Amino acid sequence: MLVKVLFSLFILFSTSLIGYIYAFRYNHRVQQLRHILHGLQLLETEVLYSSNSLPEAMKRVGERSHSSIANIFLDTAECLFSRKGISLEDAWGRAVEGLGAYSSLQKIDQEVLIDFGKLLGTSDKENQKKNFHIVTLELQKQQKIAEEERIKNEKMCKSLGILAGLAIVIVFI
């Protein structure tokens with residue numbers, strides 16, 4: 001009897017945990033998009049108003065950004081400082097793809113950032129300002145979509161995890 005109770009509690013705890021992990025991913029995506037937007041605002045200030053070089057601006061922004069997204073800027077700066085012949089576009093693309101491996105960002109979020117990297121540093125200040133504005137609008141749109149998905153799915157994932165655990169326990173008992 002005790003084994004059944006312990007086994008049932010273990011199943012219920014496990015499935016609930018899985019539900020909470022899935023729910024956390026929705027919330028984490030919203031937070032990461034918010035941090036990326038803040039980082040891009042810092043980068044815009046560094047490039048357009050402080051007139052720092054891109055490698056220096058990337059390094060400074062990476063140091064001041066949230067740890068969950070700082071590697072985009074720090075890795076790009078490191079590639080540019082190393083002078084291995086890697087273009088800004090490639091360095092930025094690698095950094096974004098590297099972040100995607102351990103983040104909650106979706107493919108479309110990464111594509112917006114990679115597209116931004118293709119235009120970064122390729123034109124005058126006025127066009128750069130437009131590029132920052134465009135990427136900010138796109139990421140805000142993605143953030144709004146992510147928030148709607150979070151509201152819609154977060155509670156469902158938590159509840160589904162608990163209910164799935166209860167269903168399994170009932171079947172086995």
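Structural data are supplied above this passage.
Residues numbered from 1 in each chain as written. Predicted model: local features only at pLDDT ≥ 70, side-chain atom pairs only at ≥ 80, totals over all residues. Heavy atoms only, no water.

On to the nonpolar core. One broad trend across soluble globular proteins is that nonpolar side chains are buried collectively. Counting 34 residues, the largest nonpolar core has Leu40 and Leu43 as the members making the most contacts within it. The set of elements that each furnish at least two residues to this core consists of α1 (2-49), α2 (54-64), α3 (70-82), α4 (88-100), α5 (107-119) and α6 (125-172). Of the residues forming this core, the biggest block, nine residues, is contributed by α1. Setting aside its immediate chain neighbours within four residues, leucine 43 contacts Ala57, Met58, Val61, Phe73, Phe116, Leu120 and Phe132. (Core = buried A, V, L, I, M, F, W, Y, C linked by side-chain atoms within 4.5 Å. Buried < 20%, exposed > 50% of the residue type's maximum accessible area, 1.4 Å probe, protein only. Helix = DSSP H or I, 4+ residues; strand = E, 2+ residues; numbered from the N terminus. Contact = heavy atoms within 4.5 Å.)

So, on to the packing of aromatic side chains. One pass over the full model with this rule turns up four aromatic pairs. Between tryptophan 92 and phenylalanine 116, the aromatic rings sit 5.9 Å apart at their centres with planes inclined by 70 degrees, giving edge-to-face as the arrangement. Of this pair, tryptophan 92 sits in helix α4 while phenylalanine 116 is found in helix α5, placing the two residues 24 residues apart along the sequence. Comparing tryptophan 92 with phenylalanine 116 shows no difference in burial state: the two are buried. (Phe/Tyr/Trp six-rings, centres within 6.5 Å; stacked < 30°, edge-to-face > 60°.)

Relative to the helices and strands, arginine 29 resides in helix α1. Discounting chain neighbours no more than four positions away, the residues touching arginine 29 are Ser104, Gln106, Ile108, Asp109, Gln142, Ala146 and Glu149.

Let us look at the pattern of salt bridges. Taken as a whole and judged by the stated rule, the model has eight salt bridges. Between arginine 64 and glutamate 46 there is a salt bridge; the shortest N-O distance is 3.1 Å. Here arginine 64 is found in helix α2, whereas its partner glutamate 46 is found in helix α1, with 18 residues between them in sequence. Glutamate 46 sits in the buried class, given a relative accessible area of 3%. Arginine 150 is the salt-bridge partner of glutamate 147, the closest N and O atoms lying 2.6 Å from each other. In this pair, glutamate 147 and arginine 150 both sit in helix α6, three residues apart, roughly one turn of the helix. Residue arginine 150 is classed as buried on the basis of its relative accessible area, which comes to 19%. Salt bridges sharing partners connect three or more residues here, namely Arg29, Asp109 and Glu149. (Salt bridge = Lys/Arg side-chain N within 4 Å of Asp/Glu carboxyl O.)

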